[in-house]
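Now for the letters of each chain:
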Amino acid sequence: MDLVLVSDIICPWCYIGKKRLDQAISDLDMADTINLSIAPYQLYPQIPLEGVRNPAILQRLAEMQPLNHAAKNLDITFRWDLIDRIPKTRQIHKALLSIEDKTTQWLAKEALQKAFFCQGVDLSQL
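In this text the structure is predicted, and so the values were computed from the model without any measurement. (Residues numbered from 1 in each chain as written. Predicted model: local features only at pLDDT ≥ 70, side-chain atom pairs only at ≥ 80, totals over all residues. Heavy atoms only, no water.)

Nonpolar side chains collect at one region of the surface, where V4, V6 and Y41 lie side by side and expose about 310 Å² of accessible area between them. Looking at the secondary structure, you find V6 in strand β1 (residues 2-7). (Patch = residues over 30% accessible without salt bridge, like charges linked within 9 Å, V, L, I, M, F, W, Y side chains within 5 Å. Areas by Shrake-Rupley, 256 points an atom, 1.4 Å probe, with all protein chains shown as cover. Salt bridge = Lys/Arg side-chain N within 4 Å of Asp/Glu carboxyl O. Helix = DSSP H or I, 4+ residues; strand = E, 2+ residues; numbered from the N terminus.)

Spelled out as structure tokens, the structure:
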């Protein structure tokens with residue numbers, strides 16, 4: 001079965017959704033029957049290339065109990081306090097799509113999401 005996930009690296013619900021999908025695929029023992037592909041989406045296409053500081057958005061996300069509860073149930077610890085800048089993700093999406101191996105694409109995307117959400121890495125510097 002072919003599945004295409006449309007998501008942005010800086011979308012916390014996309015990060016949670018992919019983790020839930022991975023869990024379901026594992027629980028159903030369907031890893032050999034699923035072919036996952038990435039389709040990029042820009043959550044904030046208006047952001048300039050250098051990214052933006054927007055503490056209001058980050059504060060709203062930090063206060064979203066359903067979001068943070070869902071993350072905690074998946075062993076994701078969002079570190080809103082470490083995130084200083086919201087990056088423009090267009091170039092990151094281009095780089096991910098240039099990776100030919102789909103598994104490597106997903107591993108790279110997940111590593112970037114973890115770096116951004118859990119370690120506060122400024123992805124606008126990539």
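Here the focus is the packing of aromatic side chains. Evaluation of the coordinates by the stated rule reveals six aromatic pairs. Measuring from ring centre to ring centre gives 5.7 Å for Y15 and F117, while their planes differ by 10 degrees; the resulting arrangement is stacked. Of this pair, Y15 sits in helix α1 (residues 12-27) while F117 sits in helix α5 (residues 102-119); the two residues are 102 residues apart in sequence, bridging distant segments of the chain. Judged by its relative accessible area of 3%, Y15 falls in the buried class. Assessed through its relative accessible area of 1%, F117 is described here as buried. Aromatic side chains W80 and F117 sit 5.9 Å apart centroid to centroid with 80 degrees between the ring planes, which places their arrangement in the edge-to-face category. On the criterion of sequence distance, the pair formed by W80 in the loop between α3 (65-73) and α4 (90-97) and F117 in helix α5 is long-range, its members being 37 residues apart. A cation over an aromatic ring shows up here: K18 above the ring of W106, its NZ or CZ 4.6 Å from the ring centre. (Phe/Tyr/Trp six-rings, centres within 6.5 Å; stacked < 30°, edge-to-face > 60°. Buried < 20%, exposed > 50% of the residue type's maximum accessible area, 1.4 Å probe, protein only. Lys NZ or Arg CZ within 6 Å of the ring centre and 35° of its normal.)

This part is about the environment of I99. Summarising the element assignment, I99 is placed in the loop between α4 and α5. Separated by 41 residues in sequence, I99 and L58 have C-alpha atoms that sit 30 Å apart. Setting aside its immediate chain neighbours within four residues, I99 contacts T104, Q105 and A108. (Contact = heavy atoms within 4.5 Å.)

In this section: the packing of α4 against α5. Contact geometry of α4 with α5 gives a least axis separation of 9 Å together with a crossing angle of 150 degrees. The angle between the axes of α4 and α5 places the two elements in the roughly antiparallel class. Contacts between α4 and α5 involve I92, L96 and L97 from the former and Q105, A108, K109 and L112 from the latter. (Axes fitted to C-alpha atoms, helices over the stretch in contact; angles between N-to-C directions. Parallel < 35°, antiparallel > 145°, perpendicular 65-115°, else oblique.)

Right, let's get into the layout of surface pockets. Size it by volume and the largest pocket reaches roughly 250 Å³. Considering the residues around the largest pocket, the lining is formed by K18, D22, I25, A31, I34, N35, L36, K102, T103, W106, L107 and E110. Elements represented by at least two residues in the lining of the largest pocket include exactly α1, β2 (35-40) and α5. Residue contributions to the lining of the largest pocket peak at five residues, all from α5. Taken together, the residues that form the lining of the largest pocket break down as six nonpolar, two polar and four charged. (1 Å grid on protein atoms, 1.4 Å probe; cavity = no way out; pocket = protein on both sides within 12 Å on 5 of 7 lines; lining within 4 Å. Points joined across faces, edges and corners; volume = space filled by probe spheres on them. Nonpolar A, V, L, I, M, F, W, Y, C, P; charged D, E, K, R; others polar.)

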